[in-house]
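Here is how the chains run, residue by residue.
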Amino acid sequence: QVQLVESGGGLVQPGGSLRLSCAASGSIVSRYAMGWSRMAPGKQRELVAAITASGSTNYQISVKGRFTISRDNAKNTVYLQMNSLKPEDTAVYYCNLRRSIQATPAYWGQGTQVTVSS
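Residues numbered from 1 in each chain as written. Predicted model: local features only at pLDDT ≥ 70, side-chain atom pairs only at ≥ 80, totals over all residues. Heavy atoms only, no water.

> For this particular structure, what's the right way to read the state of the cysteines?
Defined simply, a disulfide is a covalent bond joining two cysteines at their sulfur atoms. Under the defined criterion, the tally for this structure stands at one disulfide. The side chain of C22 participates in a disulfide bridge whose partner is C95; the two sulfur atoms lie 2.0 Å from each other. On the sign convention where negative is left-handed, the bridge of C22 and C95, at about -75 degrees about the S-S bond, is left-handed. Residue C22 is located in strand β3 (residues 18–24), and its partner C95 is located in strand β9 (residues 91–98); the two are separated by 73 residues in the primary sequence. Taken as a pair, C22 and C95 share a single burial class, namely buried. (Disulfide = S-S within 2.5 Å. Helix = DSSP H or I, 4+ residues; strand = E, 2+ residues; numbered from the N terminus. Buried < 20%, exposed > 50% of the residue type's maximum accessible area, 1.4 Å probe, protein only.)

> Looking at this structure, I do not really get the nonpolar core. What am I missing?
Note that soluble globular proteins tend to have their nonpolar side chains buried in a common cluster. Ranked by size, the top nonpolar core spans 28 residues in total, and within it L4, M34, W36, F67, L80, M82 and Y93 carry the most contacts. For this core, the secondary-structure elements that each account for two or more residues are β3, β4 (33–39), β5 (46–51), β7 (67–72), β8 (77–82), β9 and β11 (112–116). Ignoring any residue separated from it by four or fewer positions in sequence, one finds L80 in contact with L18, R19, L20, W36, A49, F67, T68, I69 and Y93. (Core = buried A, V, L, I, M, F, W, Y, C linked by side-chain atoms within 4.5 Å. Contact = heavy atoms within 4.5 Å.)

> Which parts of the structure should I look at to understand the sheet that holds strand β1 (residues 4–7)?
Working definition: the strands of a sheet are paired by backbone hydrogen bonds and lie parallel or antiparallel to each other. Taken together, the four strands give an open sheet; going across it, the order is β1-β3-β8-β7, and neighbouring strands pair in antiparallel fashion. Edge positions in the sheet fall to β1 and β7, since each of these pairs with one other strand and no more. Averaged over all pairs of adjacent strands, the angle between strand axes in this sheet comes to 15 degrees, irrespective of strand direction. (Pairing = 2+ DSSP bridges. Axes fitted to C-alpha atoms, helices over the stretch in contact; angles between N-to-C directions.)

Set out below in structure tokens:
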């Protein structure tokens, strides 16, 4: 069983930055792709960014150039650095583990709220 625990969410003004962290239990996670998805009120959950076990990344076009996903396999942790935040980035952000970037996630974290507002 894999457990994913997110942290780092909060309230930030437009143009500000936040860094989300996802701590994963079990060394097995280093062999899998990881992703960050988000769900805004009244909208479907969407994949924001993903990273393969070897470090290749993929981003949703709306966050490309503003968000950066990274991983530290020694710490079993995945990060999402979010810069130039916009009100439309407001959502609950979920960490997930998947066999590949294209695969359906096998495990999810509990989510962390990000609110971008002045």
